[in-house]
There are 2 protein chains.
Amino acid sequence: MLRTHTAGELRKSHVGQTVELCGWVDKYRDHAGIVFIDLRDRYGKTQIKFDLADNSEIQKQARSLRYEDVIKVTGEVIARPDGLSNAKLETGEIELRAITLEVLNKSLTPPYMLDGDLPNEELRLKYRFFDLRRAELQKAMILRHRLTKTVRDYFDENGFLEVETPMLGRSTPEGARDYLVPSRVHEGSFYALPQSPQIYKQILMVGGYDRYFQIARCFRDEDLRADRQPEFTQIDVEMSFVEMNDILTTIDGLVSTVFEKIRGVKLPTPLPRYSYREVMDKYGSDKPDLRFGMPIVDISDIAKESTFGVFKETVAAGGMIRGLTIKGGADKYSRKMLDQDLKAFVADFKAKGLAYFKVTDGKLDSSIAKFFDEAQQKAIIEKMEAENGDLLVYVADKYSVCCAALGALRNRIAKEQKLYDAHDFNCCWVIDFPLLNWNEDEKRWDAEHHPFCYPVKDDVELLETDPGKIRAQSYDLVCNGYEAASGSIRIHDPKVQQKVFDLLNIKQEEAERRFGFLLEALRYGAPPHGGIALGLDRWVMLMLGYDNIRDVIAFPKTQKASDMLTGAPAEVDAKQLRDLHIQLKPQS
Amino acid sequence: MLRTHTAGELRKSHVGQTVELCGWVDKYRDHAGIVFIDLRDRYGKTQIKFDLADNSEIQKQARSLRYEDVIKVTGEVIARPDGLSNAKLETGEIELRAITLEVLNKSLTPPYMLDGDLPNEELRLKYRFFDLRRAELQKAMILRHRLTKTVRDYFDENGFLEVETPMLGRSTPEGARDYLVPSRVHEGSFYALPQSPQIYKQILMVGGYDRYFQIARCFRDEDLRADRQPEFTQIDVEMSFVEMNDILTTIDGLVSTVFEKIRGVKLPTPLPRYSYREVMDKYGSDKPDLRFGMPIVDISDIAKESTFGVFKETVAAGGMIRGLTIKGGADKYSRKMLDQDLKAFVADFKAKGLAYFKVTDGKLDSSIAKFFDEAQQKAIIEKMEAENGDLLVYVADKYSVCCAALGALRNRIAKEQKLYDAHDFNCCWVIDFPLLNWNEDEKRWDAEHHPFCYPVKDDVELLETDPGKIRAQSYDLVCNGYEAASGSIRIHDPKVQQKVFDLLNIKQEEAERRFGFLLEALRYGAPPHGGIALGLDRWVMLMLGYDNIRDVIAFPKTQKASDMLTGAPAEVDAKQLRDLHIQLKPQS
């Protein structure tokens, strides 16, 4: 090695030793005729002292150094004088008196300062080779490594095998979002990059592998939201001879191990489990943020007896009146904010309006309070668990609109009112999802998760009679309001699988063409099995408290799916396309 | 869990316990009115006994079982009678007396028996979900998991970070072998799947990550040899502030740890290091199999003094006479085998003939022996370290043909004569490769490894004067005659990098277009760095002594790059192609 120690390693105990360090010029000070340089590497920083009294030649050399030059210094470790130690640096009690200096490589003037004001993200992505030196990114990459190592250790200790599944696969049911790869050998044919290893891991269970995991790259070609990437990584798990509880318990163990080892946080397990219906009713979302309370409360039964036409008519038409109690909110949200800003906010979720009351002197106060008699006001205040100074807000609409609007409003208000600490973690399970969703546009059933979820056993007979009522043996792990994992018990009975395909209007011919090999596998002794997948990128973000997914990926892509560093995607040679038997479609 | 134990777990100490097992019906015997079934899972096999005396109903049920049905059995662990224990099974001292039997899933009649005669590989690949139950494949997947876990533990303990690099990248210098992925968002542009993370890992070094590793999927679209796959996995490593010796020492540690943990074999380290020139001279190959000796010996100096025209003329024309001593080979290779079979074998490597002698009574014996006088015969026997009964074979040609023909012949003869044990392992380093190879067809220099290898420091000045003489700071790890790893110290100086590009006739414009971001990165403080990549699939094969790469990959592809299980690659919907702005080229 060109060095004997790293820049984060030297302590008082090294004083007197002659050592070699390598790294980047991080800081530069010329002070009372002495040049000080902070030498930086991945492990820390060490102050180097170039003293004229020691060696005038080397001090001259040091004066020619510039930010981000790569140097090697041989020197003697000396204690800093009393009172001059730097508590901010782990090496702050010592410094290195330079004996020799070698410039290993020069740097052009950096495009920006690593710890100064940052330029726009696009520029930073272009200079990723430089931006990766920023402390935030290094912290993220190191934590990501530690996290995946902890995950692998956990699964290994619990008898799981990591098995690699192919990247060059076959186009799937959600084919529209597949990345395709033209085949050179098979003219006119294409591979697809996997949206998940779903079918392969089920095949591994049929093959008897019993406990599988993989930290797997997945791909989805969709228009990107801020927190999505065209390629992402998931912690993929499958187990045989299990019921739902076995998988939840296994993942409880994983999550608590990871939180303890990575963040030193002890999460009580088992993590709480709530039904889909319960969290939709109470929080308006299947991804409830439970770092705070503020449940949704239904006052339909009181409101329908009032004289307020909007409420009465809504309930009469089968809708409902639901709302939130914003503790101490009466003074915080002005009438203007409520009538304009918050109303527009819920309108995005199709709510036609936002009704509200302030609670004052044990009564409701607002322009519509007059439609509620004293007893009704009291009943509302009681049901909402409200006190003087609270603000009550309501949406009057059908169930799905109440959920969407109030679920989102609840999150917004909690953030605005700082109802939780950004360092809090709250994880829970949501179970008993519906198996199917009615797609009103296309008049057909869609799979809520995917077509391989097993219905809850008691509900299997509903496949024939009332598909909308069928609950799936599926489960989401929700952390701080994000879906952190999602899984299900799979169908291992080929007849049940065929019925679900039928319900989803996946015709037998199509099912055979697309999943024929899975159906065939189920016919040759498939064990009962189930699994789950956790989004790794999301987990790293949660652990770090970051809100930009690109800060936890070494080489991320923009929302336009471009790599600013390499310029991918890019044009290719005509010959390459000819070899692949494809051509560009003439521009329209 | 549906079971309390696995099928490999029960011992005498469990006798008397009531347990639940799940698994597949492996064997079935009806013996003296008692039905015996071997229940199989990933962990082993347990004999289940269905005794009429215990329960006639369950015995009837058991009679209806077929091979590969999936069952759950509750039963009592009982000791096998004295003398009836089965030493072949780890559970052979006990059996399970069935109390209840549940059929979890039926199986169609299996396409073949797992431990019987195997059908052709194509059929087995189609039934991969079933074939994966074979002991050989399970052993391979389990060893592969253990190997990758050991590798990760080793790098983690040595301060390396595992960092994920992108799959959707940019087309590279070897673009012709890239798999391309059309972009939907950027019309007419393509991503390329990585042939290796080479450039990304160099960028990580520039970014200060210091010690990187990754178990990375790589892709190469080439016509497949028997031991290649279109997607393969490599253990990818890069280190900063190092010289060649540091990397070799690090990998010595990895290799010895893996051999010890996985195979219980202690390899002495440091592994021996040989120069490229040395192994070419001695073994005719840069991947010498050193499990056996049989070095190539040059007898040009003796042969040129003989009266044998072919030898004399070859040496006069600048060629050489080189050969092998096949110990005890005089009786084993007949004149016919030598004149036909072996001659044809070396002809594949462009050798025009194969001369030979048998050693008898301290003299040479063959049709050309008469051209050598007694002193010459004695000198040859001495130089070849030959004894009576040995066979000496020679190629008279230029250096490269001698190397290719005799290197291959040496391997063939060692295999035929069983000069090594198939369980032996021999690993060594080959270093000091040439940096460049003269491509006679295209009259240009090609990079021996890749364009980023740093020349040996003393040779840098030859870049201007005598490029063919430049040695690279590169190294291959060779194990049992296979290239198991390959790496180099990289160029961190942008000026040297530019010179190498110039030599390789990669024009500045092209270099900027293709590697502009790397050249740019080198200008902003790139540390000295180097790395290596180990082929994981090959390592697993070596550890298992397997000779089919498809037996160490869960879902391999055929030599035609097809997945027989899923049918990938396949045709896709016209709409998918439209969305990607491409169309199929009209068939010519």
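Heads up: these notes are all about the structure in this document. (Residues numbered from 1 in each chain as written. Chains lettered and ligands numbered in written order. Predicted model: local features only at pLDDT ≥ 70, side-chain atom pairs only at ≥ 80, totals over all residues. Heavy atoms only, no water.)

## Here's the deal with the sheet that holds strand β11 (residues 273–275) of chain B
Residue and element names in this part refer to chain B.
Right, so step 1: Taken in spatial order, the eight strands make up an open sheet running β6-β9-β10-β22-β21-β20-β17-β11, and their pairing is mixed. Since the sheet does not close on itself, it has two edges, and those belong to β6 (161–162) and β11, each with one partner.
Right, so step 2: Alignment of strand β10 (residues 231–240) against strand β22 (residues 529–535), held across seven bridges, turns out to be antiparallel. In the sheet register, Q234 faces β22, and the bridge partner there is G535. (Pairing = 2+ DSSP bridges. Helix = DSSP H or I, 4+ residues; strand = E, 2+ residues; numbered from the N terminus.)

## Looking at the pattern of salt bridges
Residues and elements named next belong to chain B.
Right, so step 1: Scanning the entire structure with this criterion turns up 105 salt bridges over all chains.
Right, so step 2: Note that R40 and D26 form a salt bridge whose closest N and O atoms lie 2.7 Å from each other. Separated by 14 residues along the polypeptide, R40 in strand β2 (residues 34–41) and D26 in strand β1 (residues 18–31) bring together distant segments of the chain. (Salt bridge = Lys/Arg side-chain N within 4 Å of Asp/Glu carboxyl O.)

## Here we look at the interface of chain B and chain A
Right, so step 1: Counting from both sides, the interface comprises 129 residues of chain B and, opposite them, 129 residues of chain A.
Right, so step 2: For the pair chain B and chain A, the two sides together bury roughly 11500 Å², of which 58% comes from carbon and sulfur.
Right, so step 3: The largest per-residue losses of area from chain B upon contact with chain A belong to E164(B), F241(B) and Y524(B), which jointly make up 7% of the total buried on that side.
Right, so step 4: Taken together, the connections running from chain B to chain A amount to 16 salt bridges.
Right, so step 5: In this structure, R217(B) engages E164(A) in a salt bridge whose closest nitrogen and oxygen atoms are separated by 3.1 Å.
Right, so step 6: Along the contact surface separating chain B from chain A lie 79 residue pairs in polar contact (both at pLDDT 80 or more).
Right, so step 7: In terms of residue count, helix α4 (residues 135–157) of chain B provides more of the side of chain B that touches chain A than any other element does, eleven residues in total. (Contact = heavy atoms within 4.5 Å. Buried area = accessible area lost by both parts, 1.4 Å probe. Polar contact = N/O pair within 3.5 Å; in protein donor to acceptor, adjacent residues only side chain to side chain.)

## Digging into the packing of aromatic side chains
Right, so step 1: The tally for this structure, following the rule as stated, stands at 52 aromatic pairs over all chains.
Right, so step 2: Plain terms: the ring middles of Y191(A) and Y179(B) are 6.1 Å apart, the flat faces sit at 85° to each other, and that makes the pair edge-to-face. Placement of Y191(A) in strand β8 (residues 190–192) and of Y179(B) in the loop between β6 and β7 (180–182) is noted, with the two residues assigned to different chains. One exposure class covers both Y191(A) and Y179(B), and it is buried.
Right, so step 3: Relative to F371(B), the ring of F308(B) has its centre 5.2 Å away and its plane inclined at 25°; by these criteria the two rings are stacked. Remark: F371(B) occurs in the loop between β15 (363–365) and α11 (374–383) and F308(B) occurs in the loop between α8 (300–303) and α9 (309–316); sequence separation between them is 63 residues.
Right, so step 4: By relative accessible area, F371(B) is classed as partly exposed at 27%.
Right, so step 5: Site record: aromatic cluster; members linked through ring pairs are F308(A), F311(A), F357(A), F371(A), F372(A) and Y394(A). (Phe/Tyr/Trp six-rings, centres within 6.5 Å; stacked < 30°, edge-to-face > 60°. Buried < 20%, exposed > 50% of the residue type's maximum accessible area, 1.4 Å probe, protein only.)

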